[in-house]
Amino acid sequence: MAKQFKPETLCVQAGWTPSKGEPRVLPIYQSTTFKYDTSEQMARLFDLEDSGYFYTRLQNPTNDAVAAKIAALEGGVAAMLTSSGQAANFYAIFNICQAGDHFVSSSAIYGGTFNLFSVTMKKLGIDVTFISPEASEEEIAAAFKPNTKALFGETVSNPSLEVLDIEKFARVAHAHGVPLIVDNTFPTPINCRPFEWGADIVIHSTTKYMDGHATSVGGAIVDSGNFNWDAHADKFPGLCTPDESYHGLTYTKAFGKLAFITKATAQLMRDLGSIQSPQNAFLLNLGLETLHLRMPRHCENALKVAQYLEQNEHVAWVNYCSLPGNKFYELAKKYMPNGSCGVISFGLKGGREDSIKFMDNLKLAAIVTHVADARTCVLHPASHTHRQLSDEQLIEAGVRPDLIRLSVGIENADDIIADIEQALNA
Ligand SMILES: *Cc1c(COP(=O)(O)O)cnc(C)c1O
């Protein structure tokens, strides 16, 4: 389906293809378990010799249909759902890194991911080096070590809205024989498909625009199938040498282009168990059906709001990568010609304190720890999501202490602007 249809059609139709007499709408397989006729049939599943469902912690038909839709939208060969975006990022790294390994990451990333990489992964013995997304190829290359296993970045960083030069990052990753992993949460595959620019693995927090209605926390990992693990077998023994926990099976030999996702499912999901509930996958699928209608409206509204803020006397600065004059405008135009996302950030002339007062005066836009859903909302990262970071770490993550993150929804833009105006004047 991926090859023959355009994204709009894939949003609506990909993943679930019922045959005669089956439900037209993707059913929720609300079952932990699946039935077999003989012991031998079940044994073959455990040996990964047959594919089939046996326990929802590993795979579930509802989840698989939704994962297949996301894979089709990104142009990948396989995908898996996880219980959250955090789990997706953790699995993507942990699938190829173990204690003693190292990876390189853009510093302009989501606060939760920054913490995962710099604190929790370190406790597991996996080391990270952060580099600026604006670093030159030489500077990025300088961060690589003999034990470096991956390069990571966000297409559009949350909340600093810096645009990743995917081609540049892919060149450096591939020159060092490692994959480029890109968190594509903000643009979604409607606005950017990182595989077309050389990324190898794509991650999503499906909690955001994909679900789109703020109902379900979830994540996804998509594999392009393009990275040749066997060409760098010494770096990726987990994929290229026998897995003793699976009877000596070698993932690349047994599954070819599906090796990465199969290992993440058969090994990490089996052992760590961050499965998305089928109920949440069903809701995610409903969100995906209208993703192609919502994203353009988010972008259109965000641009109008950014242009309004830019000329307002109370506003010190506005950051929106799709706003002409923005530092990342040219990169945004290259990678996301139809618009980037609905999230913008800005600061007020009165600084940190005025930012907090302004937020308290908003009526239509709610203060919530969320971003990228249908309803306009605001957050002050320095007091909320990024609270655990020091001022230096805030700056390193591209988050100014006065930064207000505004997630522009799909309401009428005039109403959103009127709400901002009354709060600025209050
Ligand atoms: C929210 C977010 C995450 C974490 O996702 P959860 O679903 O909240 O676990 C990761 N990356 C980005 C870019 C995000 O915006």
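No experiment lies behind these values; they were computed from the predicted model shown.

A. Main features of the packing of aromatic side chains. As enumerated under the stated definition, the model contains 15 aromatic pairs in all. Pairing tryptophan 229 with phenylalanine 236 gives two aromatic rings, centres 5.0 Å apart and planes at 85°, and the pair type is edge-to-face. Here phenylalanine 346 and phenylalanine 358 contribute two aromatic rings whose centre-to-centre distance is 5.7 Å and whose plane-to-plane angle is 75°, an arrangement assigned as edge-to-face. Note that phenylalanine 346 is positioned in strand β9 (residues 343-348) and phenylalanine 358 in helix α15 (residues 351-361), a separation of 12 residues in sequence. Exposure class is identical for phenylalanine 346 and phenylalanine 358. Each is buried.

B. How the structure looks around the domain arrangement of the protein. Domain parsing of the protein yields domain 1 (7-287) and domain 2 (292-425). Placing a centre on the C-alpha atoms of domain 1 and another on those of domain 2 gives a separation of 28 Å. Taken together, the 39 residues of domain 1 in the interface contact 39 residues of domain 2. Both sides of the domain 1 and domain 2 interface together cover about 3300 Å² of buried area, and 62% of this is carbon and sulfur. Along the contact surface separating domain 1 from domain 2 lie 2 salt bridges. The shortest N-O distance in the salt bridge between glutamate 134 and lysine 327 comes to 3.0 Å. At the boundary of domain 1 and domain 2, one finds 17 residue pairs in polar contact (both at pLDDT 80 or more).

The rules behind these values
- Residues numbered from 1 in each chain as written.
- Predicted model: local features only at pLDDT ≥ 70, side-chain atom pairs only at ≥ 80, totals over all residues.
- Heavy atoms only, no water.
- Phe/Tyr/Trp six-rings, centres within 6.5 Å; stacked < 30°, edge-to-face > 60°.
- Helix = DSSP H or I, 4+ residues; strand = E, 2+ residues; numbered from the N terminus.
- Buried < 20%, exposed > 50% of the residue type's maximum accessible area, 1.4 Å probe, protein only.
- Domains from an automatic or database assignment.
- Contact = heavy atoms within 4.5 Å.
- Buried area = accessible area lost by both parts, 1.4 Å probe.
- Salt bridge = Lys/Arg side-chain N within 4 Å of Asp/Glu carboxyl O.
- Polar contact = N/O pair within 3.5 Å; in protein donor to acceptor, adjacent residues only side chain to side chain.

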